[in-house]
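# Chain and residue survey
Residues per chain are reported as follows:
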Amino acid sequence: AEGSIENHPTYFETVTAMAFLLFQERRVDSVVLETGLGGRLDATNVVEPALCVITPIDYDHEAFLGKTIEAIAGEKAGILKAGVPVVIAPQRPDAEVVLLRRAQELNCPVVRVADTVCSTRSHRDGTEVTIGDAVFACPLAGAHQAQNIATAVLALRRLGIEDCTRRKQCLL
């Protein structure tokens, strides 16, 4: 009303608002939306998602999220919404306790990547993960890429997107 804003939005908040407008104008059906800081204070937290995915939590944005893994996990758990399923990547034990407690409080169905039986193979051309009889390949090497692949596959399956997982080999 006064023509001024007490606290100006951050760059991320501005770009996120622009993206939301573009999604609306283009009438997109679905969006994969990644958080900035992640969690309770994130600009993306205004969305009512079909699924939440929480990647490994570590010391990150400590000035805003807290100085301990438990505090950071508590903030990151702020993306969870009542009854909305969540896929949780392998976590430090102290982070996982916080995430699972919050998911239980909100009655969120939980898929833990750590509960999935899979085999992994890293080589000079990247990383492969086998889940059931499907092999998923990523051109990036490293154990963390195997976790990323498994997390993405389980998220797609939880959303009912199985086309990729029906093939014997799939590049992510």
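Attention in this report is confined to the structure presented alongside it. (Residues numbered from 1 in each chain as written. Predicted model: local features only at pLDDT ≥ 70, side-chain atom pairs only at ≥ 80, totals over all residues. Heavy atoms only, no water.)

### Quick word on the overall build of the protein chain
Heads up, the condition is: Strands are runs of DSSP state E lasting at least 2 residues, helices are runs of H or I lasting at least 4, and numbering of each runs from the N terminus. For the exposure calls, accessible area comes from a 1.4 Å probe over protein chains only, and a residue counts as buried if that area is under 20% of its type's maximum, exposed if over 50%, partly exposed in between. Contacts are residue-level and defined by heavy atoms, with any inter-residue pair within 4.5 Å sufficient. Note on areas: Shrake-Rupley, 1.4 Å probe, and residue coverage restricted to the protein chains presented here.
Of regular secondary structure, the protein chain possesses six helices and seven strands. Listing the helices and strands of the protein chain from first to last along the sequence gives α-β-α-α-β-α-β-β-β-β-α-α-β. Reported as C-alpha extents along the three principal axes, the dimensions of the protein chain are approximately 60 × 40 × 35 Å. Per-residue burial for the protein chain yields a buried fraction of 35% across its 172 residues. In the protein chain, the share of contacts with a sequence separation of at least 24, taken over all contacts with a separation of at least 6, comes to 57%. With an accessible surface of roughly 10900 Å², the protein chain has 53% of that area assigned to carbon and sulfur atoms.

### Observations regarding the environment of Y11
Along the chain, Y11 falls in helix α1 (residues 11-26). Classification of Y11 by relative accessible area gives exposed; the value is 71%. Taking the C-alpha atoms as reference, Y11 lies 16 Å from L33; in sequence the two are 22 residues apart.

### Quick word on the nonpolar core
Across soluble globular proteins, you tend to see nonpolar side chains buried next to one another. Filter applied, for reference: Remark: nonpolar core denotes a set of buried residues (Ala, Val, Leu, Ile, Met, Phe, Trp, Tyr, Cys) joined through side-chain atoms within 4.5 Å.
In this structure, C52, I54, I57, L80, V86, L99 and C108 are the most contacted members of the largest nonpolar core, which totals 19 residues. Mapped by element, the contributors of at least two residues to this core are β1 (52-54), α3 (69-76), β2 (86-88) and α4 (93-105). At four residues, the largest contribution of residues to this core is made by α4. Sequence-distant contacts of V86, that is, excluding residues within four places in its chain, are made with L51, C52, I54, L80, A103, C108, P109, V110 and V111. In this structure, V129, F136, A146 and L154 belong to the second largest nonpolar core, which totals 14 residues.

### A look at unusual backbone geometry
With phi around 50°, R27 is a residue other than glycine that occupies positive phi space. With respect to the helices and strands, R27 occurs in the loop between α1 and β1. Since its relative accessible area comes to 72%, R27 is described here as exposed. The backbone phi angle of N107 is positive, close to 55°, even though this residue is not glycine. Take N107: it is sitting in the loop between α4 and β3 (110-112). For N107, a relative accessible area of 62% translates into the label exposed.

### Observations regarding the environment of R121
Looking at the element boundaries, R121 is found in strand β4 (residues 118-123). Residue class for R121 comes out partly exposed when judged on its relative accessible area of 47%. The sequence separation of R121 and A141 amounts to 20 residues, and the corresponding C-alpha distance is 9.3 Å. Dropping the residues within four chain positions of it, R121 is found in contact with G126, T127 and E128.

### With respect to the packing of α3 against α4
Heads up, the rule is: Only the stretch in contact is used when a helix axis is fitted, and all axes are lines through C-alpha atoms; the angle between N-to-C directions ranges over 0 to 180 degrees. What makes a crossing left-handed is the near helix being turned counterclockwise from the far one by less than a right angle; a clockwise turn instead makes it right-handed. Residue polarity follows a fixed list, in which Ala, Val, Leu, Ile, Met, Phe, Trp, Tyr, Cys and Pro are nonpolar, Asp, Glu, Lys and Arg are charged, and the others, Gly among them, are polar.
Running from N to C, α3 and α4 point in directions that differ by 35°, and their axes come no closer than 8 Å. Crossing hand, α3 versus α4: right-handed. Side by side, α3 and α4 meet where I69, E70, A73 and G74 of the first sit next to D94, A95, V98 and L99 of the second. For the contact of α3 with α4, a count of residues per class yields five nonpolar, one polar and two charged.

### A word on the pairing of β4
So the rule is basically this: Two strands qualify as a pair provided that DSSP identifies no fewer than 2 bridges between them.
Where β4 and strand β5 (residues 126-131) come together, six bridges link them in antiparallel fashion. For H123, the partnering residue across the bridge sits in β5 and is G126. Between β4 and β5, which pair antiparallel one after the other, the connecting turn spans two residues.

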